[in-house]
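Listed here are the chains, written in short residue letters.
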Amino acid sequence: MEWLLIFEKGIWFGLAAMGFAVLFNVPTRTLAPIFVMGAFGGLTKAVMLHYEINVIGASFAGATLIGFMSIFFAHEKHAPPPIFAIPAVIPMVPGIFAYRMMIGLISLAGKTDNTTYTRILSETTNNGLKVMFILMGLATGVGLPMLITRKDSAKDLRFKRNRKVTG
Amino acid sequence: MVDTPDKQEIKDIGDTLLEIAMNLLVSGASIGRIRKTVERISANFSFNTYILISQRTILLNMYDSENDCVFNGLKRTAPHHVNFTMISGISRISWFVVNEDWEIGKIKEELARVKSLAHYPRLVTLVLTGLAGASFCRLAGGGPLEMGVVFIASTAGLFIRQETTKLNFNPYLCIYFAALTASLIAAGFIKLDVAKIHEPAFATSVLFLIPGVPLINAFSDMIDGNLNNGLIRGINGFIISFTIALGLLTSMAILHF
């Protein structure tokens, strides 16, 4: 049952990725890969969270998987990798943490009561730092294939047998 | 390689390169991609191109093989609007230029075609964005009822954003209106006790507005060494987040939530 709940999350991650893909007006042929990438990236994160790995590390791992998958699909569907990668990682953007940080920041500007102030301050800092590090992890993870292979373009980069690609 | 171009052709190439850079920038490409694309195309016409990109203007200089400056142009950008079909189309153009020696006329033609490509039908965008919102709600721990509420809230929010954008409001203000609408609807349903689990329904109703492209691009630009552009994009993302929070706060104040 527990695992079923985790795997169900994959569908929602995929759907969220697809919603953003349409909002970003991606070419139609890339929609299905984006769903798959969003689902698998999200699942990686969910499974790692299940084993109590830090949310930052889990997001980074999910984004890295998406980064490598984006290179594969870029060759398959003839579109640049970010087109696949950015919508697919968006569901992992820490929206709830960002929301809590923003609400915290605004209440910090108002409340001056000493006891609650320290608590809100520490919560806000915690949430804000999580947002920052998760975002850094997402951007690094997505870019990782290009960073470690030191290639200028995904065209020169392939993980499979050599095959002529045009377009 | 194309024959040495005459004056008119040089001006054409320069203008087209500026147009391409501008379209990439407003569509949400990273700075590294813009620079690579422009250099790739201009190298095929045997020009060296140097480009300076800021959020609202692009400066481009072109040098010929004798290192004489042959073109120098500055362009103001259109309002930023994420459009990945544009990025994909321009990437395709750049590879056709390299592999099939496209001439400048052909590039301009193809660029015009990519620009005229239709967006998704409005209804599809609205429904899928609503679904994305509902998915976020589910991921944050909401049940079917909460998901329904967020679906309605997100769809209405995006509708308001599209309408206010058409009315030429300030872009941040459009996001504020959208966040306000979405969170008001979500909070209204919570007040009526339709949605039982509060935070997921309320917080995720505005998540379709999160500035994912500016924030992710901010970090990828910084990793790339384009600190200026990265910082600016980060600040843009931060202001958008702040605007969303303001929308949430307003509806909290209205409904004493």
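Going by the structure above, here's the rest.
Residues numbered from 1 in each chain as written. Chains lettered and ligands numbered in written order. Predicted model: local features only at pLDDT ≥ 70, side-chain atom pairs only at ≥ 80, totals over all residues. Heavy atoms only, no water.

**A word on the packing of helix H2 (residues 31–50) of chain A against helix H3 (residues 55–77) of chain A**
Helices that pack against each other are described as a pair by the angle of their axes relative to one another and the distance between those axes. Residue and element names in this part refer to chain A. To keep things clear, this is the line we draw: In this analysis an axis means a line fitted to C-alpha atoms, helices contributing only their contacting stretch, and an angle means the value between N-to-C directions, from 0 to 180 degrees. Comment: elements are numbered from the N terminus, with helices defined as DSSP H or I runs of at least four residues and strands as E runs of at least two. Angle categories are assigned with fixed cut-offs, so that under 35 degrees is roughly parallel, over 145 is roughly antiparallel, 65 to 115 is roughly perpendicular, and the rest are oblique. The sense of a crossing depends on the near helix, which, turned anticlockwise from the far helix by less than a right angle, makes the crossing left-handed and, turned clockwise, makes it right-handed. Here a residue-residue contact requires only that any non-hydrogen atoms of the pair lie within 4.5 Å. Put simply, Ala, Val, Leu, Ile, Met, Phe, Trp, Tyr, Cys and Pro go in the nonpolar bin, Asp, Glu, Lys and Arg in the charged bin, and everything else, Gly too, in the polar bin.
With their axes 8 Å apart at the nearest point, H2 and H3 run at an angle of 155 degrees to one another. It follows that H2 is roughly antiparallel to H3 by the angle criterion. Helix-helix and strand crossings are classified by hand; for H2 and H3 the assignment is right-handed. From H2, Pro33, Val36, Met37, Phe40, Gly41, Thr44, Lys45, Met48 and Leu49 reach across to H3, where they touch Val55, Gly57, Ala58, Ser59, Ala61, Gly62, Leu65, Ile66, Met69, Ser70, Phe73 and Lys77. Partitioned by chemical class, the residues of the contact of H2 with H3 number 13 nonpolar, 6 polar and 2 charged.

**Points about the interface of chain A and chain B**
What counts here: Here the buried area means the combined drop in accessible surface, using a 1.4 Å probe, for two parts upon being joined, counting both sides. Within this document, salt bridges are pairs made up of a side-chain nitrogen of Lys or Arg and a carboxyl oxygen of Asp or Glu, the two lying within 4 Å of each other.
Between chain A and chain B, the residue contacts involve 50 residues of the former and 49 residues of the latter. When the two sides are added together, the surface that chain A and chain B hide from each other amounts to roughly 4400 Å², 78% of it contributed by carbon and sulfur. Across the contact surface, chain A and chain B share 1 salt bridge. The salt bridge involving Glu8 of chain A is made with Arg138 of chain B; its shortest N-O contact spans 2.8 Å. Looking at the side of chain A that touches chain B, the elements with two or more residues in it are helix H1 (2–23), helix H4 (81–89), helix H5 (95–110) and helix H6 (114–149) of chain A. Per-element accounting of the side of chain A that touches chain B gives the leading share, 12 residues, to H1 of chain A.

**Digging into the packing of H5 of chain A against H6 of chain A**
All names here are of chain A. Interaxial distance between H5 and H6 falls to 8 Å at its minimum, and their mutual angle equals 145 degrees. Considering the relative orientation of H5 and H6, their crossing is left-handed. Contacts between H5 and H6 involve Phe97, Ala98, Arg100, Met101, Gly104, Leu105, Ser107 and Leu108 on the former and, on the latter, Tyr117, Ile120, Leu121, Thr124, Asn127, Gly128, Lys130, Val131 and Ile134.

**Side note on helix H5 (residues 122–139) of chain B**
Applicable threshold: Multiply 1.5 Å by the residue count of a helix minus one, and that product is the helix's expected span. Each residue is placed in one exposure class: buried if its accessible area under a 1.4 Å probe, protein chains only, is under 20% of its type's maximum, exposed if it is over 50%, and partly exposed if it falls in between.
Its 18 residues place the ends of H5 of chain B 26 Å apart at the C-alpha level, agreeing with the 26 Å of an ideal helix rising 1.5 Å per residue. Along H5 of chain B, the residues that are buried comprise Thr125, Leu126, Leu128, Thr129, Gly130, Ala132, Gly133, Ala134, Ser135, Phe136, Cys137 and Leu139 of chain B. Buried residues along H5 of chain B sit in contact with H1 of chain A together with helix H6 (144–166) and helix H8 (198–204) of chain B. Following H5 of chain B by one or two positions, Gly141 of chain B adopts a phi angle in the positive range, close to 105 degrees.

**Thoughts on the environment of Leu158 of chain B**
Residue and element names in this part refer to chain B. Along the chain, Leu158 falls in helix H6. Classification of Leu158 as buried rests on a relative accessible area of 4%. As for Leu158 and Ala182, which are separated by 24 residues in sequence, their C-alpha atoms are 8.2 Å apart.

**Here we look at the sheet that holds strand S3 (residues 69–76) of chain B**
Strand pairing in a sheet relies on backbone hydrogen bonds, with the paired strands running either antiparallel or parallel. Residue and element names in this part refer to chain B. Operational definition: By this definition, two strands are paired if DSSP reports at least two bridges between them.
Ordered by their spatial adjacency, 3 strands build an open sheet running S1-S2-S3, and the pairing between neighbours is antiparallel. Each end of this open sheet is capped by a strand with a single partner; those strands are strand S1 (48–53) and S3. Here the strands of the sheet are splayed against their neighbours by 10 degrees on average, with no regard to which way each runs. Bridging between strand S2 (residues 57–63) and S3 involves 7 bridges; their strand directions are antiparallel. If you follow Thr57 over to S3, its bridge partner there is Arg76. The strands touched by helix H2 (residues 31–44) are S1 and S2; relative to S1, the strand with the most contacts, the crossing angle is about 155 degrees.

**Looking at the environment of Gly148 of chain B**
Residues and elements named next belong to chain B. In this structure, Gly148 sits in helix H6. Accessibility expressed as a relative area gives 31% for Gly148, which makes it partly exposed. For the pair formed by Gly148 and Ala186, sequence separation is 38 residues and the distance between their alpha carbons is 9.8 Å.

**Brief notes about the packing of aromatic side chains**
Residues and elements named next belong to chain B. Rules: The rule is short: rings of Phe, Tyr and Trp, with Trp giving its six-membered ring, pair when the centres are within 6.5 Å, and they are stacked under 30 degrees, edge-to-face over 60, tilted in between.
Evaluated as defined, the whole model comprises 12 aromatic pairs over all chains. For the ring pair Tyr50 and Tyr63, a centre distance of 5.6 Å and an interplane angle of 70 degrees mean the geometry is edge-to-face. Highlighted residues: Tyr50 in strand S1 and Tyr63 in strand S2, separated in sequence by 13 residues. Ring centres of Tyr176 and Phe177 lie 6.1 Å apart, and the angle between their planes is 55 degrees; this geometry places the pair in the tilted category. Tyr176 gets classed as buried once you look at its relative accessible area, which sits at 18%.

Read these as spatial facts, not as claims about activity.
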